Amino acid sequence: MFTPLQVVDSFLLNYNLGDVLLLVTVLGAVGVFLQRSNKALGLHLLSFGLLFLILPGGMFEPAAGSLLGTIAMYKFVGLGLLVVAPVIYAVGRR
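Starting afresh in each chain, residues are numbered from 1 along the sequence in its written order. Confidence filtering applies because this is a predicted model: local features only for residues at pLDDT of at least 70, side-chain atom pairs given and counted only at 80 or more, and all residues used for totals across whole chains, interfaces and linings. Where side-chain values are given, they derive from all heavy atoms of the structure, hydrogens and water being excluded.

S.K.: Kindly report on the overall build of the protein chain, identifying the contributing residues and their values.
M.R.: Secondary structure summary: the protein chain contains four helices and zero strands in total. Along the chain direction, N to C, the helices and strands of the protein chain fall in the order α-α-α-α. Only C-alpha atoms enter the radius of gyration; for comparison, a globular chain is expected to reach 2.2 Å times N to the power 0.38, where N is the number of residues. On C-alpha atoms alone, the protein chain measures out to a radius of gyration of 16 Å, which is more than a quarter above the 12 Å that the 2.2 N^0.38 rule sets for 94 residues. Only protein chains enter the accessibility calculation, which uses a 1.4 Å probe. A residue is then buried if its area is under 20% of the maximum for its type, exposed if over 50%, and partly exposed in between. A buried classification covers 27% of the 94 residues belonging to the protein chain. Only heavy atoms matter for contacts: two residues are in contact if any of them lie within 4.5 Å across the pair. Taking the intrachain contacts of the protein chain between residues at least 6 apart in sequence as the baseline, contacts between residues at least 24 apart amount to 69%. Helix and strand definitions follow DSSP, with helices as H or I runs of at least four residues and strands as E runs of at least two, each counted in order from the N terminus.

Encoded structure:
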């Protein structure tokens, strides 16, 4: 008997919350970038940078298909976003 939920579950076991956040950050940034609003892009990146830093490290434990190798790499991505986001926000006109 074919159960699609098991297929989805076996696929998702190869990834962690950090990978999902990276994907949503990039896809959301593309969507906000198409609106040509640097202030909205800065706020978007700032919010995801905060998420990367305040979420517990156990949620970022690398799995078999993870994009980044260690928990610290996900935290550094969040720190980088927190540095870049205010600059983008300050430079933006709308």
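The rest of the description comes next.
S.K.: Can you tell me about the side chain of aspartate 19, naming the residues and giving the values?
M.R.: Along the chain, the position of aspartate 19 falls in helix 2 (residues 17-34). Buried and without a salt bridge, aspartate 19 has lysine 75 as its closest oppositely charged side chain, separated by 14 Å. Within the structure, the side chain of aspartate 19 is placed 3.5 Å from the side chain of serine 66, a separation counted as a polar contact. From its side chain, aspartate 19 meets the backbone nitrogen of leucine 67 in a polar contact 3.1 Å long. In this view, aspartate 19 contacts Gly65, Ser66, Leu67, Leu68 and Tyr74; residues no more than four positions away in its chain are not counted. Asp and Glu count as negative and Lys and Arg as positive, but His and the ends of the chain are not part of the count. Between Lys or Arg on one side and Asp or Glu on the other, a salt bridge is scored when a side-chain nitrogen of the former is within 4 Å of a carboxyl oxygen of the latter. Pairs of N or O atoms within 3.5 Å make up the polar contacts considered here, provided that, within protein, one atom can donate a hydrogen while the other can accept it, and that residues adjacent in sequence are counted only when both atoms are side-chain atoms.

S.K.: Summarise the packing of helix 2 against helix 3 (residues 38-54); cite the residues concerned and give the values.
M.R.: Whenever a helix is involved, its axis is fitted only over the stretch in contact; in every case the axis is a line through C-alpha atoms, and angles between N-to-C directions fall within 0 to 180 degrees. Running from N to C, helix 2 and helix 3 point in directions that differ by 175°, and their axes come no closer than 9 Å. Judged by the angle between their axes, helix 2 and helix 3 are roughly antiparallel. Here Gly18, Leu21, Leu22, Val24, Thr25, Gly28, Ala29, Val32 and Phe33 of helix 2 lie close against helix 3, whose contacting residues are Ala40, Leu41, His44, Leu45, Phe48, Leu51 and Phe52. Residues that form the contact of helix 2 with helix 3 fall into these classes: 12 nonpolar, four polar and no charged. Our angle categories are set so that under 35 degrees counts as roughly parallel, over 145 as roughly antiparallel, 65 to 115 as roughly perpendicular, and the remainder as oblique. Following the grouping adopted for this structure description, the nonpolar residues are Ala, Val, Leu, Ile, Met, Phe, Trp, Tyr, Cys and Pro, the charged ones are Asp, Glu, Lys and Arg, and the polar ones are all others, Gly among them.

S.K.: Can you tell me about the environment of glutamate 61, naming the residues and giving the values?
M.R.: Along the chain, the position of glutamate 61 falls in the loop between helix 3 and helix 4 (71-91). Along the backbone, glutamate 61 and leucine 45 are 16 residues apart, and their C-alpha atoms lie at a distance of 22 Å. Those residues in contact with glutamate 61, other than ones at most four positions away along the chain, are Asn16 and Ile71.

S.K.: Break down helix 4 for me, with residues and values.
M.R.: Across its 21 residues, helix 4 extends 31 Å between first and last C-alpha, which sits within 8% of the 30 Å expected from 1.5 Å per residue. Of all the residues in helix 4, the buried ones are Tyr74, Lys75, Gly78, Leu81 and Ala85. Each residue after the first adds 1.5 Å to the expected span of a helix.

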